[in-house]
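Architecture at a glance
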Amino acid sequence: MAISRRNISIFVAGLVLGLLLVAQWNSPAVQPSAQGYGRDRMAVTTQRLEREQEELKETLARLREQLAEYQRSAAASTEMLEEINAALESQRIVAGLVALKGPGVEVILDDSSVQALPAGADLSAYIVHEYDLRDVVNLLWQASSEAIAINDERIVATTSIYCVGSTVMVNDTRLSPPYRIQALGDPVLQEGLLRDPAYLGELKERVKLYGIQFKVVKMGEMTLPAYRGSFLTRYAKAG
Amino acid sequence: MGVRSARLLLTVVCLVLGVLLVAQFRTQRRITAALLAASSTDQALIISNLVESNAELREEVGALRSQLSRYQEAEGQEVLQTLVNELNRIKIVNGLVEVSGPGVEVRIDGRISVLDMQDMVNELRNTGAEAMAVNGQRLIVSSVIASDDMGMIVNGVRISEPYIFQAIGHQETMAGALTRKGGVIALLEARYGGLDITVSKREKIVLPIYRGSFEFRYATAVK
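Just so it is clear, the model here is predicted, and its values are computed rather than measured.

For the rest of this paragraph, the subject is the nonpolar core. What tends to happen in soluble globular proteins is that the nonpolar side chains get buried as a cluster. Of all hydrophobic cores here, the largest spans 55 residues; its most connected members are Leu109(A), Leu133(A), Val136(A), Ile150(A), Ile181(A) and Leu194(A). Residues within four places of Ile181(A) in sequence aside, it is in contact with Val105(A), Glu106(A), Val107(A), Leu109(A), Leu133(A), Val136(A), Val137(A), Leu140(A), Ile148(A), Ala149(A) and Ile150(A). Ranked by size, the runner-up nonpolar core spans 29 residues in total, among them Ile108(B), Val121(B), Met152(B) and Ile197(B).

If you want it as structure tokens, here you go:
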């Protein structure tokens, strides 16, 4: 009895000693304050630019709506205008400039749910990368999807999915996990391809080994927002 | 084993346990920190991308405003012309008209994986491609390069080596981004030893029309 009580006190003492040792070793590294300041300013700049981007996107969306309105009313006047206007409307839908609704799938991708990583673990195995999103999007197009959005950013002809460090960018907009990929189309076909072992091998491996979260939900109806970015054609000319 | 050595062993075990516990905490914190705080270089890149994208947004806002005022002033024939211009512009984006302009050509002599082909498309879009094609197939938003046992398929058409990507856009920017150190070409050449990739600037590239169909069977416009 005496020994076991002593053992407990040794246990506690050892634990505390260990904690203290590491706390010591882990004592705050001195951060160069200038660098910290620079970082803060950059964060502020980023936020300001993002607010500006948001405002510009809203302006653009409003202008597009006004123009469409004009074109509709102008088109009412003659038969030829009507025809061109109908073509314009359908081209807008194809380009991603119109919000769409319909059935499809929703794919949720998120960083690993593992709470504690083994020491020396490769962190990159536990997070969702931009290429994971790219592979899922490509597979969804392959499954005859008709429209796709990631976290409400519509994928259009000029969209690239890339990363800066560990930040994923789509349409030059910062996204953060969880990533919600919505795709309109035939839910059975889409789900079939997503679950097919022949595709997304590397991602599925990381789901199994490292706890990356990958969920596929068939949807009866959902709405995808319109693209709000720019479509500049500075260099490409018709013909 | 004597009581003494057992106690010593216990002490060591507890010590290690304590160290491990804290180490665990640190790892967890580090992963969060890595995710939250982009490095200064990353932040600088994000900022420069935002600046550029905002400039583009502003340019388009300007273009739409002047279009709008033309509508407000114009009548009859002019309205028609404005509508036709807008229609053509969107058709370029959708791949439904033949387009020409300056740009780059990327020629890959050899076989690369289908995922690397898809990444090349993404990279070209990232460098500012306004329109592109691979082996004469116009790439539209939903075009995806797929593969089977026999090779690559794009827009339902089989393509074979060499793979030639053509993209219209700013020549210097595109060629520079593609061929930079650690860029996509360097990565591919490192991954596939002996793979020959050439990037050439072109004064005029002509891209064919997309021949597939757009069929919306599931999606409808939100009114």
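What follows deals with empty space enclosed by the protein. In the structure shown here, the tally under the stated rule is three cavities of 30 Å³ or more. Roughly 160 Å³ of internal volume is contained in the largest cavity. Looking at the largest cavity, it is lined by 16 residues, and the ones nearest its centre are Asn138(A), Trp141(A), Gln118(B), Val121(B) and Arg125(B). For the lining of the largest cavity, the secondary-structure elements that each account for two or more residues are helix 4 (130-142) of chain A together with helix 4 (114-126) of chain B. Per-class residue counts for the lining of the largest cavity are nine nonpolar, five polar and two charged.

Right, let's talk about helix 4 of chain A for a bit. Residues and elements named next belong to chain A. Between the first and last C-alpha of helix 4 there are 18 Å, a value that for 13 residues agrees with the 18 Å anticipated at 1.5 Å per step. When you tally the buried positions in helix 4, you get 11 out of 13 residues, the bulk of the element. Listed as buried for helix 4 are Glu130, Asp132, Leu133, Arg134, Asp135, Val136, Val137, Asn138, Leu139, Leu140 and Trp141.

Another point: the confidence of the model for chain A. Per-residue confidence for chain A gives a mean pLDDT of 85; residues scoring 70 or more make up 82%. Every residue in residues 27-35 of chain A scores below 50 in pLDDT, and together they form one contact with partners more than four places removed in sequence or on other chains.

Glancing now at the interface of chain A and chain B. Across the contact, 98 residues belong to chain A and 88 residues belong to chain B. Where chain A abuts chain B, roughly 8,900 Å² becomes buried across the two surfaces, and 67% of that area is made up of carbon and sulfur atoms. At the junction of chain A with chain B, the criterion picks out four salt bridges. Between Glu60(B) and Arg64(A) there is a salt bridge, with its nearest N and O atoms 3.1 Å apart. Counting across the interface, chain A meets chain B through 29 residue pairs in polar contact (both at pLDDT 80 or more). Of all the secondary structure elements, the ones that give two or more residues to the side of chain A that touches chain B are helix 1 (2-25), helix 2 (33-75), helix 3 (79-95), strand 1 (100-110), helix 4, strand 4 (161-164), strand 5 (167-170) and strand 9 (237-238) of chain A. Here the element with the most residues in the side of chain A that touches chain B is helix 2 of chain A; it accounts for 21 residues. Its residues assigned to classes, the side of chain A that touches chain B shows 51 nonpolar, 29 polar and 18 charged. Bridge analysis of strand 9 of chain A against strand 1 (residues 99-109) of chain B gives two bridges, and the strand direction is antiparallel. When the bridges of strand 1 of chain B are listed, Ala238(A) appears paired with Val99(B).

Below, the discussion takes up the domain arrangement of chain A. All names here are of chain A. What the domain assignment lists for chain A is domain 1 (35-95) and domain 2 (100-224). A separation of 26 Å is found between the C-alpha centroids of domain 1 and domain 2. Domain 1 puts six residues into the contact, and the matching count from domain 2 is eight residues. Summed over both partners, the interface of domain 1 with domain 2 comes to about 450 Å²; 32% of that surface belongs to carbon and sulfur atoms. Where domain 1 packs against domain 2, one counts two salt bridges. Notably, a salt bridge pairs Arg174 with Glu50, separated by 2.5 Å at the nearest N-O pair. The interface formed by domain 1 and domain 2 includes five residue pairs in polar contact (both at pLDDT 80 or more).

Residues and elements named next belong to chain B. Under the 1.5 Å per step criterion, the end-to-end length of helix 3 (residues 77-94) is 26 Å for 18 residues, consistent within 8% with the ideal 26 Å. Of the residues making up helix 3, those classed as buried are Val79, Leu80, Thr82, Leu83, Glu86, Leu87, Ile90, Ile92, Val93 and Asn94. Looking at the residues trailing helix 3, positive phi occurs at Gly95, about 80 degrees.

Glancing now at the sheet that holds strand 6 (residues 173-175) of chain A. Strand order in the open sheet formed by three strands is 4-5-6 (chain A), and the pairing between neighbours is antiparallel. With one partner strand each, in any of the chains shown, strand 4 and strand 6 of chain A form the two edges of the open sheet. When strand polarity is set aside, the average angle formed by the axes of neighbouring strands in this sheet is 40 degrees. By the bridge criterion, four bridges tie strand 4 of chain A to strand 5 of chain A in an arrangement that is antiparallel. When the bridges of strand 5 of chain A are listed, Tyr162(A) appears paired with Met169(A). Set on the sheet, helix 2 (residues 40-73) of chain B makes contact with strand 4, strand 5 and strand 6 of chain A; between it and strand 4 of chain A the angle comes to about 135 degrees.

Each value, and the rule that gives it
Residues numbered from 1 in each chain as written. Chains lettered and ligands numbered in written order. Predicted model: local features only at pLDDT ≥ 70, side-chain atom pairs only at ≥ 80, totals over all residues. Heavy atoms only, no water. Core = buried A, V, L, I, M, F, W, Y, C linked by side-chain atoms within 4.5 Å. Buried < 20%, exposed > 50% of the residue type's maximum accessible area, 1.4 Å probe, protein only. Contact = heavy atoms within 4.5 Å. 1 Å grid on protein atoms, 1.4 Å probe; cavity = no way out; pocket = protein on both sides within 12 Å on 5 of 7 lines; lining within 4 Å. Points joined across faces, edges and corners; volume = space filled by probe spheres on them. Helix = DSSP H or I, 4+ residues; strand = E, 2+ residues; numbered from the N terminus. Nonpolar A, V, L, I, M, F, W, Y, C, P; charged D, E, K, R; others polar. Expected span 1.5 Å × (residues − 1). pLDDT = per-residue confidence, 0-100. Buried area = accessible area lost by both parts, 1.4 Å probe. Salt bridge = Lys/Arg side-chain N within 4 Å of Asp/Glu carboxyl O. Polar contact = N/O pair within 3.5 Å; in protein donor to acceptor, adjacent residues only side chain to side chain. Pairing = 2+ DSSP bridges. Domains from an automatic or database assignment. Axes fitted to C-alpha atoms, helices over the stretch in contact; angles between N-to-C directions.

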